Amino acid sequence: MRYLPHTEEDRKAMLDAIGASAVEDMFCDVPKQALLDGPVDLPGYVGEMEVERTFAEFAAKNLSPSSAPSFLGAGAYRHHVPATVDYLVQRGEFLTAYTPYQPEVSQGTLQYLYEFQTQVAMMTGMEVANASMYDGATATAEAVMMAVRATRRHRAVLAGGLHPHYFDVTHTSAHSLNIELVQPDSDPTRPADPASVIDLIDDQTACVVVQSPDMFGRIIDLKPIAEAAHARGALVVAVTTEIVSLGLLEAPGNQGADIVAAEGQSLGNALSYGGPYVGLFATTSKLVRQMPGRVTGETQDVEGERGWVLTLSTREQHIRREKATSNICTNAGLCALAFTIHASLLGEEGLSRLARINHANACKLADMLAGVDGVELMNDSFFNEFTIKLSKPAEQVVEALAERGILGGVPITRLLPERDDLANFLLVTVTETNSDADMDALVQALGEIL
Amino acid sequence: MADMSQGRSNVPVGGSQATTVKTISGSKGLDFAEPLIFEMGEDGRTGVDLPDVAVSDDRLGGMRRKDAVGLPGLSEPQVVRHYTRLSQKNYGIDSGFYPLGSCTMKHNPRINEKVARMKGLGDLHPLQPVSTAQGALELIDTLATWIKTLCGMPAVAMSPAAGAHGELCGMMAIKAALEDRGEADTRKRVLVPESAHGTNPATAAACGFSVDSIPATERGRVDIEAFKAKLGPDVAGIMLTNPNTCGLFENDVIEIADAIHDAGGYFYCDGANFNAIVGRVRPGDLGIDCMHLNLHKTFSTPHGGGGPGAGPVVLSEALAPFAPVPYVVHDADGFKMIEHKADSDAKPFGRLKGYHGQMGVFIRALAFMISHGSDGLRQASTDAVLNANYLRAKLQDVMSVSFDGMCMHEVLFDDHFLKDTGVTTLDFAKAMIDEGFHPMTMYFPLVVHGALLMEPTESESKETLDLYIKTLRGLNQRAQSGDAQFFKDAPVLTPRRRLDETAAARKPVLRWTPPDA
Amino acid sequence: MSIKFTNDHEWISIDGDVATVGVTAYALEQLGDLVFVEVPEAGRTVAKGDEAAVVESVKAASEVYAPVSGEVVEGNAAIADDPAAVSGDPAAGGWFFKIKLSDTSELDGLMDEDAYKAYVDGLD
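Residues numbered from 1 in each chain as written. Chains lettered and ligands numbered in written order. Predicted model: local features only at pLDDT ≥ 70, side-chain atom pairs only at ≥ 80, totals over all residues. Heavy atoms only, no water.

Draft legend 1. The packing of helix α6 (residues 163-180) of chain B against helix α7 (residues 199-206) of chain B, seen in detail. Residues and elements named next belong to chain B. At a minimum axis separation of 9 Å, α6 and α7 run at an interaxial angle of 45°. Viewed along their axes, α6 and α7 adopt a mutual orientation that is oblique. Of the two elements, α6 crosses α7, and the hand of that crossing is right-handed. Only T199, N200, T203 and A206 of α7 make contact with α6, whose side of the interface consists of A164, E167, L168 and M171. Here the contact of α6 with α7 is built from residues that sort into four nonpolar, three polar and one charged. (Axes fitted to C-alpha atoms, helices over the stretch in contact; angles between N-to-C directions. Helix = DSSP H or I, 4+ residues; strand = E, 2+ residues; numbered from the N terminus. Parallel < 35°, antiparallel > 145°, perpendicular 65-115°, else oblique. Left-handed = near helix turned anticlockwise from the far one by under 90°. Contact = heavy atoms within 4.5 Å. Nonpolar A, V, L, I, M, F, W, Y, C, P; charged D, E, K, R; others polar.)

Draft legend 2. Expanded view of the sheet that holds strand β5 (residues 266-270) of chain B. Residue and element names in this part refer to chain B. Here seven strands make up an open sheet; going across it, the order is β1-β7-β6-β5-β4-β2-β3 and the pairing mixed. Strands with a single pairing partner mark the edges of an open sheet, and in this sheet they are β1 (155-157) and β3 (210-214). Ignoring strand direction, the axes of neighbouring strands in this sheet form an average angle of 25°. Direction of pairing for β5 relative to strand β6 (residues 290-292): parallel, over a ladder of three bridges. Residue pairing in the sheet places D270 in a bridge with H292 of β6. Lying over the sheet, helix α5 (residues 134-151) contacts β1, β6 and β7 (313-315), oriented at roughly 125° with respect to β1. (Pairing = 2+ DSSP bridges.)

Draft legend 3. Inspection of the pairing of strand β9 (residues 97-101) of chain C at higher detail. Residues and elements named next belong to chain C. Judged by which residues are buried, β9 turns out to be one-sided: F97, I99 and L101 face inward and are buried, whereas K98 and K100, on the alternate face, are not. Pairing analysis gives four bridges linking strand β3 (residues 18-23) to β9, with the strands arranged antiparallel. In the sheet register, V18 faces β9, and the bridge partner there is K100. As paired elements, strand β8 (residues 70-75) and β9 share five bridges and run antiparallel to each other. Among the inter-strand pairings, G70 is bridged to a residue of β9, identified as L101. (Buried < 20%, exposed > 50% of the residue type's maximum accessible area, 1.4 Å probe, protein only.)

Draft legend 4. Just the side chain of T99 of chain A, in detail. All names here are of chain A. Along the chain, T99 falls in the loop between α4 (92-95) and α5 (107-124). Assessed through its relative accessible area of 2%, T99 is described here as buried. At 3.4 Å, the side chain of T99 forms a polar contact with the side chain of R294. (Polar contact = N/O pair within 3.5 Å; in protein donor to acceptor, adjacent residues only side chain to side chain.)

Draft legend 5. Region of the structure containing the packing of α5 of chain A against helix α3 (residues 76-87) of chain B. Between α5 of chain A and α3 of chain B, whose axes approach to 7 Å, the crossing angle comes to 135°. In terms of their interaxial angle, α5 of chain A and α3 of chain B are classed as oblique. Here G108, Q111, Y112 and E115 of chain A of α5 of chain A come into contact with α3 of chain B, specifically with H82, Y83 and L86 of chain B. Within the contact of α5 of chain A with α3 of chain B, the residues separate by chemical class into three nonpolar, three polar and one charged.

Draft legend 6. Region of interest: helix α2 (residues 48-60) of chain A. Counted at 1.5 Å a residue, the expected span for α2 of chain A with its 13 residues is 18 Å, and the 18 Å between its end C-alpha atoms agrees. Among all positions of α2 of chain A, only V51, F55, F58 and A59 of chain A are buried. Projected onto a plane normal to the axis of α2 of chain A, the buried residues spread over an arc of 100° and lie on a single side. Facing away from the buried side of α2 of chain A by over 90 degrees, the exposed positions are M49 and A60 of chain A. As for α2 of chain A, its buried residues are in contact with α4 (110-116), α5 and α10 (359-395) of chain B. (Expected span 1.5 Å × (residues − 1). Arc of directions from axis to C-beta.)

Draft legend 7. The confidence of the model for chain C, seen in detail. All names here are of chain C. Chain-level pLDDT for chain C is 85 on average; 93% of the residues reach the 70-or-more range. Least confident of the elements in chain C is helix α1 (residues 25-31), whose mean pLDDT is 81; most confident is β8, at 93. Here the complex is predicted with pTM 0.94, and the ipTM for its interfaces comes to 0.97. (pLDDT = per-residue confidence, 0-100.)

Draft legend 8. Representation of the sheet that holds strand β12 (residues 452-454) of chain B. Residue and element names in this part refer to chain B. Spatially, the three strands line up as an open sheet ordered β10-β12-β11, and their pairing is antiparallel. With one partner strand each, in any of the chains shown, β10 (411-413) and β11 (441-442) form the two edges of the open sheet. In this structure, β10 lies alongside β12, joined through three bridges in antiparallel fashion. Of the residues in β12, the one forming a bridge with V411 is M454.

Draft legend 9. Seen up close, the nonpolar core. Membership of the largest hydrophobic core comes to 117 residues, with the highest contact counts inside it found for F55 of chain A together with I147, F227, F299, F428 and M454 of chain B. Tallying contributions element by element places α10 of chain B first for this core, with 18 residues. What F428 of chain B contacts, discounting residues up to four positions off in sequence, is M399, F417, L418, V423, L452, L472, L475, N476 and F487 of chain B. Counting residues in each nonpolar core, the second largest holds 76 residues, with V85, I243, I341 and L345 of chain A among its members. (Core = buried A, V, L, I, M, F, W, Y, C linked by side-chain atoms within 4.5 Å.)

Draft legend 10. A look at the interface of chain A and chain B. Taken together, the contacts link 194 residues of chain A with 205 residues of chain B. Both faces combined, the contact of chain A with chain B buries some 17100 Å², and carbon together with sulfur accounts for 62% of it. Summed over the three residues of chain A that lose the most area to chain B, namely E104, Y273 and R414 of chain A, the buried surface amounts to 6% of that side. Run the count over chain A and chain B and you get 17 salt bridges. Here K66 of chain B ties to E250 of chain A by a salt bridge, and the two come within 4.0 Å at their closest N and O atoms. At the boundary of chain A and chain B, one finds 102 residue pairs in polar contact (both at pLDDT 80 or more). (Buried area = accessible area lost by both parts, 1.4 Å probe. Salt bridge = Lys/Arg side-chain N within 4 Å of Asp/Glu carboxyl O.)

Draft legend 11. Seen up close, the pattern of salt bridges. Taken as a whole, this structure holds 57 salt bridges over all chains when the rule is applied. For R353 of chain A, the salt bridge goes to E349 of chain A, with nearest N and O atoms at 2.9 Å. Here R353 of chain A pairs with E349 of chain A, and both are found in helix α11 (residues 333-370), just four residues apart, close to one helical turn. The class of E349 of chain A is partly exposed, set by a relative accessible area of 33%. Connected via shared salt-bridge partners are D86 of chain A together with E113, R117 and R364 of chain B.

Draft legend 12. Representation of the environment of S195 of chain B in the model. Residues and elements named next belong to chain B. Note that S195 resides in the loop between β2 (189-193) and α7. Look at S195 and you get buried, because its relative accessible area is 8%. When residues no more than four places from it in sequence are discounted, the contact partners of S195 are T245, F444, P445 and V447.

Put into structure tokens, the structure is as follows:
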């Protein structure tokens, strides 16, 4: 088998050195009744060609967004990732390295994580960032738990526009720790109202969590909410699912955010049917010791040369065990590297242009769709995704579009199934990858279906 | 090959080679002095060519960004060179032997990378209609079947994003099962061996449990009498790693399972060390209720400098109803995904992650499993255990093995052999780095002093192991001869020498800042 | 003025009904270079055995427990700002907090200097 270097001679020589007459001797501590006599009932080993064929068969049963006009978002975005990114992340020294516990031979990983942390802090307008978390949803849950630790209060207000997955994941953790979550209803037919959140903040509130652009695409002004929260001693957690938006929109750090939890998938990372993605987490210097996850810091070696190490480790599980800030061990590693490389290629001007193209394309499609009978645009504001109300149930329309080879958008009821009042609402996302032909195809198809 | 290790050192006496060679550029041959991107960037440089489109403020809700983000501008060649140079400062499995205990640093096949990037797999959107992603769901279901079969368990939760996340999933399922029985308020104590990985107690605490530590015996296993004495009506369960963190199989595991069940509790198994037994033992036959797997350990998905991973959790009949959403179901109409509690016939405890799970990691793990097949996987675990015992057999006369008898896929030493040499485990490890080996895991598990935990994996040839053994024996000889300073100075041949971790923690500098900020 | 010691390697220097609490040289040696210290705020009430302060080195974190019950009079801001200033010598400045005793009988159970020295020698 091509991955196993030993020959039978090697194995025999090694067994002799061990003083074992057979392989079974090494498993003497396993209860006899639990030892299997032979391989389990699954196929035997195959060569590479077979493996490729197997996966090509899986792939052939899916409609690829690369081959179809595709307008899907809702927290995962199709962007053009420059070819450079994928080649660099597959260098063996990046791909096959472990967590940088021996910094002398891990300066590559440590330096890029430091660059990543800096990029994330810059984009979000915050003072410090960690070396990534699993995704935006778990980062949000961790942000709420951090706010609870820092304020010693047990209640969190989650604004109505928060992505339902993010809410559900936060709820799962909160439930175990008896943290009360409060969420007002959301109504995409009207602009988001800060009062709905502000009215719920009290002296027991650890934090307010606000997503912008929200799940319906609406852009939220965090400042009035931040003022109200701070006045009651509550922290502000700002969430964004589309990191590219920060190339055009005001940074949460400039609006009073204390913690930012975001999804970084848009930069460097393929859609990959939902994972692996990269959670971004940033905060103020004052709160840094409460921050979960790994973090890289600058230092010097014994020769006085600048270098980097993992630091502030005593917050983490391997030292604090049950008193850790989180149980998290793994970060998003290679996904963070992909983000860093893509952001390095973009630079200031590239990120700004990318963001503007996204918004321009979204405006273009929004105007085209508003002209279609049976389509009503809901948003006054949006970055690259917006909600439309259709004259028919969105799930039906989406299936009809799929039959025509178009991935037309995400029905709101896919994320909020209990909201029958939103059955006709569709979330449409437009990025730089959508051509005029894509948009024409969608508009034409909708005209036929509705 | 000439034996270079006797007598002459590669390093000039009295200091490191590095200080005696100063270059003008700062780079030394292939060891490049590479600044941060922020120190190289210039306005006006870009690595992408995108049209410059003007947009009005009309639909931005008054929230247009006024300040600059601050990102540096670099051309594409500069970016390629920068990250190429950074990669050259790293050690990976592709570079050499990486015997990090508990991490399973096995070969990462590139076919896995190729199939993960296939059109129709790598580019699928998680929320595209399920009817357009039947192949993706079938893939997840196929992986689930392989996992259940290898583990001998009826159900598996696929969504956790890492091992620690899988631990959270397992413990939350246990908590949900207790709530369902009306016992969540009375059963809040979880028993955890003192040798456990730190994620175990951290996870228990994250679920609102208290942690009660179980001591180990002289044989390195859980003290079963001490364990039984701690049982009571307030016990929620046990979190046991098997094979354990000392690289040993817990002989009494079935008795432990029976005892915890009799006491009304559940058995969580930490499956980080599954590489020792995959294809030879099914954890389901040992009486477990749930176990997480680390796909990035046992199933070769790349460690990527720290992530991403995936931590699916196999579940018993008792815990299966509480598996989180979403999960895949296969019926006469094809594959579906249950994404919401309301759509489930069971009692999911909630959602753990955005979307469906680490699909990119699933693809790579399944490719690995299919490549090996059931016979190949059995051979892989056999070779992993063989390699670890070979290291044990060839080093035990000079280095202090912590526990007698056969080990599993990893072997634990302690620093007893370095007593009176003035050389610590850390120093010994740093000297290994200069010899071109990544050190083993140090100072874990905490149950022995100055632990050195070595896990060779099945990917290593006998030649590599023999060179490693020879090197360690040589280093030990040097330590015993009293040359402690050599070890204190190490490493001297790496891009950076020992770094000041105290300064990094006292005055944390966690990002680059513009000079005049 | 008298000095007593606890099993958890705290020293406590008593002056009337106010005690000054620090950690011993032995504890500091185990921890290594300190990187972070957190001291309690004045006014906080602690019971004997409560976690009162935290010390961290690069690789370890440890609680400092209140050896007696009472109300915290002052936490030492100087060591919170500069962990390197912590030392095991009660005579030097590295104290953690001052506490007004609520129950002086709690002092009876603590070790004197000789007993503590014997205790430390017995460890290891």
